[in-house]
Amino acid sequence: MSIELKNVTYTYSPGTAYEIHALKDINLSIPDGQFIGIIGHTGSGKSTLIQHFNALIRPTSGTITYNGEDIWGEKYDRRALRSEVGLVFQYPEHQLFENDVLSDVCFGPMNQGLSREEAEVEAKKALQHVGFKEKNFSKSPFELSGGQKKRVAIAGVLAMNPKILILDEPTAGLDPKGRDDILDQIAELHKELDKLRAKEEKAKAVKAAAKPKAAVEKAVKEEKTAPKKTAANTATKKAAPKSKKKAE
Ligand code: ADP
Ligand code: MG
């Protein structure tokens, strides 16, 4: 279970004359690996809702959990959450600010602690994923067309290797061809992210399964190298064959 909202309500400017109830008692659960679209009229609360997914805004009431943990818990690492749950805003201009495309896409991974060189590897991969041509890497993000800006904004988030990608109106303002291209690429990305997730889960399972075996091997090695027969050794000796059996 990935993202879960329980009785989430959000009010803009509560207690003032401008009070707006954008979300009322929302219950929603998004399991891992899903590809979900949210539709609704302008002003129905879509943007408000998705900004809750990576803790950009805090619900007025209700709870949001990510992998079972309350993201507004006192000790919850919301910075880490924002790395895992990447959000691409509706207006790419809000996200682009560096002098050239490549630097812009490098910003996120560098903020995560990578060197410029390492960040460039991620940035180039991400730009390639969204079909952005290398000859335009050195252009200013503000010289680009609407579709190109969108791609760069998406690449900027992808370069941080998020587990979940949220896009606010990814096709708004694009012509039909640009819209189809972006949607095809997003579908492709989803497939890849899902493959990656499955691979990670498999690796985790293998690691977990290998752990008891590694512990047994260590115990056996220690036993072989230990010269004296001590109480601890004897305990290891006795324990090892038993736990080995379990591991197999
Ligand atoms: P959507 O993305 O579906 O168009 P929004 O989440 O942007 O909807 O808006 C939901 C409601 O909240 C609307 O009535 C909108 O006017 C209001 N709203 C959105 N952002 C703000 C804001 N920053 N301050 C005050 N009201 C807002
Ligand atoms: Mg919106």
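Cut-offs and rules
Residues numbered from 1 in each chain as written. Chains lettered and ligands numbered in written order. Predicted model: local features only at pLDDT ≥ 70, side-chain atom pairs only at ≥ 80, totals over all residues. Helix = DSSP H or I, 4+ residues; strand = E, 2+ residues; numbered from the N terminus. Buried ≥ 20, exposed ≤ 12 C-beta atoms within 10 Å, placed from the backbone. Contact = placed C-beta atoms within 7 Å. pLDDT = per-residue confidence, 0-100. Expected span 1.5 Å × (residues − 1). Arc of directions from axis to C-beta.

Asks: How should I be thinking about the overall build of the protein in this particular structure?
Replies: For the protein, the helix and strand inventory stands at seven helices and six strands. A buried classification covers 22% of the 248 residues belonging to the protein. Look at the contacts in the protein between residues 6 or more apart in sequence, and 63% of them connect residues 24 or more apart.

Asks: I would appreciate a short explanation of the confidence of the model for the protein in the present structure.
Replies: Predicted coordinates in regions of low pLDDT should not be interpreted in detail. Considering every residue of the protein, the mean pLDDT works out to 86; 84% of them sit at 70 or more. Confidence drops under pLDDT 50 across residues 229-248; counting only partners more than four residues distant or on other chains, this segment forms 19 contacts.

Asks: How should the environment of V8 be read in this particular structure?
Replies: Structurally, V8 is set in strand 1 (residues 3-12). Linking V8 and H52, residues 44 residues apart in sequence, is a C-alpha distance of 9.3 Å. Once residues lying within four places of it in the same chain are set aside, the contact partners of V8 are L23, I26, H52, P59, G62 and I64.

Asks: Would you mind going over helix 4 (residues 116-129) with me for this structure?
Replies: For helix 4, with 14 residues, the first-to-last C-alpha span of 20 Å sits near the 20 Å given by 1.5 Å per residue. All of the buried residues along helix 4 are A119, E122, A123, A126 and L127. Viewed along the axis of helix 4, the buried residues span an arc of 135°, placing them on a single side of the element. Each element contacted by the buried residues of helix 4 is listed here: helix 3 (101-111) and helix 5 (146-158). Two residues or fewer past helix 4, G131 is found with a positive phi of approximately 70°.

Asks: Got a minute to help me understand helix 5 in this structure?
Replies: With 13 residues, helix 5 extends 18 Å between its outermost C-alpha atoms, agreeing within 8% with the 18 Å of an ideal straight helix rising 1.5 Å per residue. With 12 of its 13 residues buried, helix 5 lies for the most part within the structure. Along helix 5, the residues that are buried comprise G147, Q148, K149, K150, R151, V152, A153, I154, A155, G156, V157 and L158.

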